[in-house]
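Structural description and commentary
Here is what each chain is made of, one letter per residue.
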Amino acid sequence: MKPIEIGSVRITSPCLLAPMAGVTDLPFRLINRSFGCGFAFAEMISARALVYTNARTLRMLSSGREDRPVGVQLLGDEIEIILKALEILRGRGIDIIDFNAACPVSKVTRRGEGAGLLKEPERLKEILKAIVKHSDVPVTVKIRAGWDETSLNAKEIALRARDAGIKGLFIHGRTRVQGYSGRVDYRIIREVKDSLGIPVIASGDALSPELIKKMFDETGCDGVAVARGALGNPWIFREVPEFLESGVKPVRPCLAEIVSTMKRHLHLCCEFYGDYPGTLVFRKFFGWYVKGIPDAKPLKERAFSAGTEEEMLTIIDEITIRKD
């Protein structure tokens, strides 16, 4: 795989970590980077929340030298607010600004944000032109195949976005109406890729090395954005390059590696948020890590009651006495 060049940003891994609300915080990003993730997005950020200095939103921007290159994905529809958000982001060590025109959630699209902008290609283009003009880092956009199966306008949107000056494009191969269900349309991703001269990063069902290879083969994309495939599975960033190179199905991590990774992740959460809130944040990750481990249900139930790092560590240690 060739490195992905998005403006001045060079990404050396075939897979990128996509933004996920309530998931892609700094501890999660660092865990995934330790297994080969070469580029990661923070959680999607509302431009309006950022402008009105929402404390939680500002914390979502936390990063560091070991968390580079890093991207921030902005959500909004008012140019004035978006430009104010860009000013707040300036100088914070962010390498790429991505604009979200893909979020399918109803409360977002009703405001004309996210995938709602797919219905207004020219308005989206004007927003992107303004962002490109005022941003001091490369700008990308995330889109979907279209609003529904009767309006598959991804190619039109992509060409307008390119003309607005973006340096890369992310595309989810489903429509807004599909959400995250139904089949991914590889054909339309290929059509977008063939029509642009800038990097195209595809997403949708990037759940395993085999499915990610299928995405590359079917679409010719430059990279794949991994979201759900990384939940409790940071090893996917190690496995994908191995599989793309050898074609041999990677060996899954042993139980000891899963346990040690869980402990590192828990410690990073508690270090970042504090003991009690960090343990609460880690609870959902515990559930993802133990998925597929036999007889883990009782431990999961106890984990969701743990209130300290020490309590959670005790429960994690009990996994090691089970058969690998």
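Quick summary incoming for the structure in this document. (Residues numbered from 1 in each chain as written. Predicted model: local features only at pLDDT ≥ 70, side-chain atom pairs only at ≥ 80, totals over all residues. Heavy atoms only, no water.)

Moving on to the packing of aromatic side chains. Overall, the coordinates contain 8 aromatic pairs when judged by the stated rule. Seen in terms of ring centroids, F272 and Y273 are 4.7 Å apart; in terms of plane orientation they differ by 80°. Their pairing is edge-to-face. A residue is classified by how much of its surface remains accessible, and Y273, at 23% relative accessible area, is partly exposed. Plain terms: the ring middles of F285 and W288 are 5.4 Å apart, the flat faces sit at 75° to each other, and that makes the pair edge-to-face. (Phe/Tyr/Trp six-rings, centres within 6.5 Å; stacked < 30°, edge-to-face > 60°. Buried < 20%, exposed > 50% of the residue type's maximum accessible area, 1.4 Å probe, protein only.)

Right, let's talk about the nonpolar core for a bit. With 95 residues, the main nonpolar core has L74, L169, F282 and F286 as its most contacted residues. Considering every element that reaches this core, the biggest residue donor is helix α11 (residues 255–273), with 8 residues. Discounting chain neighbours no more than four positions away, the residues touching F282 are M262, H265, L266, C269, Y289, M312 and I316. One finds I6, L16, F41 and I201 within the second-largest nonpolar core, a separate group that totals 12 residues. (Core = buried A, V, L, I, M, F, W, Y, C linked by side-chain atoms within 4.5 Å. Helix = DSSP H or I, 4+ residues; strand = E, 2+ residues; numbered from the N terminus. Contact = heavy atoms within 4.5 Å.)

What follows is about helix α10 (residues 236–246). Here α10 has its buried residues at I236, F237, E239, V240 and F243. Projected down its long axis, α10 carries its buried residues within an arc of 155°, all on one side. At its buried positions, α10 is contacted by β3 (15–17), α1 (26–33), α9 (209–219) and β11 (223–226). The positive-phi residue at the C-terminal boundary of α10 is G247, with phi of around 75°. (Arc of directions from axis to C-beta.)

For the rest of this paragraph, the subject is the packing of helix α4 (residues 79–89) against helix α6 (residues 121–134). Two quantities define a packed helix pair, namely the angle between the axes and the distance from one axis to the other. Contact geometry for α4 and α6: axes closest at 10 Å, N-to-C directions at 25°. As the angle between them shows, α4 and α6 are arranged roughly parallel. α6 is crossed by α4, and the crossing has right-handed handedness. Residue-level inspection shows I79, I82, L83 and L86 of α4 in contact with α6, the latter providing E126, I127, A130, I131 and H134. Across the contact of α4 with α6, the residue classes break down as 7 nonpolar, 1 polar and 1 charged. (Axes fitted to C-alpha atoms, helices over the stretch in contact; angles between N-to-C directions. Parallel < 35°, antiparallel > 145°, perpendicular 65-115°, else oblique. Left-handed = near helix turned anticlockwise from the far one by under 90°. Nonpolar A, V, L, I, M, F, W, Y, C, P; charged D, E, K, R; others polar.)

On to unusual backbone geometry, then. Trans is the prevailing form of peptide bonds, just as negative phi is the prevailing case for residues other than glycine. The amide bond that connects R68 to the next residue, P69, takes the cis arrangement and shows omega of -10°. Along the polypeptide, P69 turns up in the loop between α3 (55–59) and β6 (70–75). For D205, which is not a glycine, the phi torsion comes out positive at approximately 60°. In this structure, D205 sits in the loop between β10 (200–203) and α9. Exposure remark for D205: the relative accessible area of 22% places this residue in the partly exposed category. A positive phi angle, close to 60°, is found at D295, a residue other than glycine.

This part covers the pattern of salt bridges. Tallied over the entire structure, the rule returns 27 salt bridges. In this structure, the salt-bridge partner of R56 is E43, at a minimum N-O distance of 3.3 Å. On the criterion of sequence distance, the pair formed by R56 in helix α3 and E43 in the loop between β4 (40–41) and β5 (45–46) is long-range, its members being 13 residues apart. Classification of R56 by relative accessible area gives exposed; the value is 52%. One salt bridge in this structure joins R187 and D185, with 3.5 Å as the shortest N-O distance. The class for R187 is partly exposed, based on a relative accessible area of 49%. Within this structure, R29, R33 and D67 form a network of salt bridges that share partners. (Salt bridge = Lys/Arg side-chain N within 4 Å of Asp/Glu carboxyl O.)

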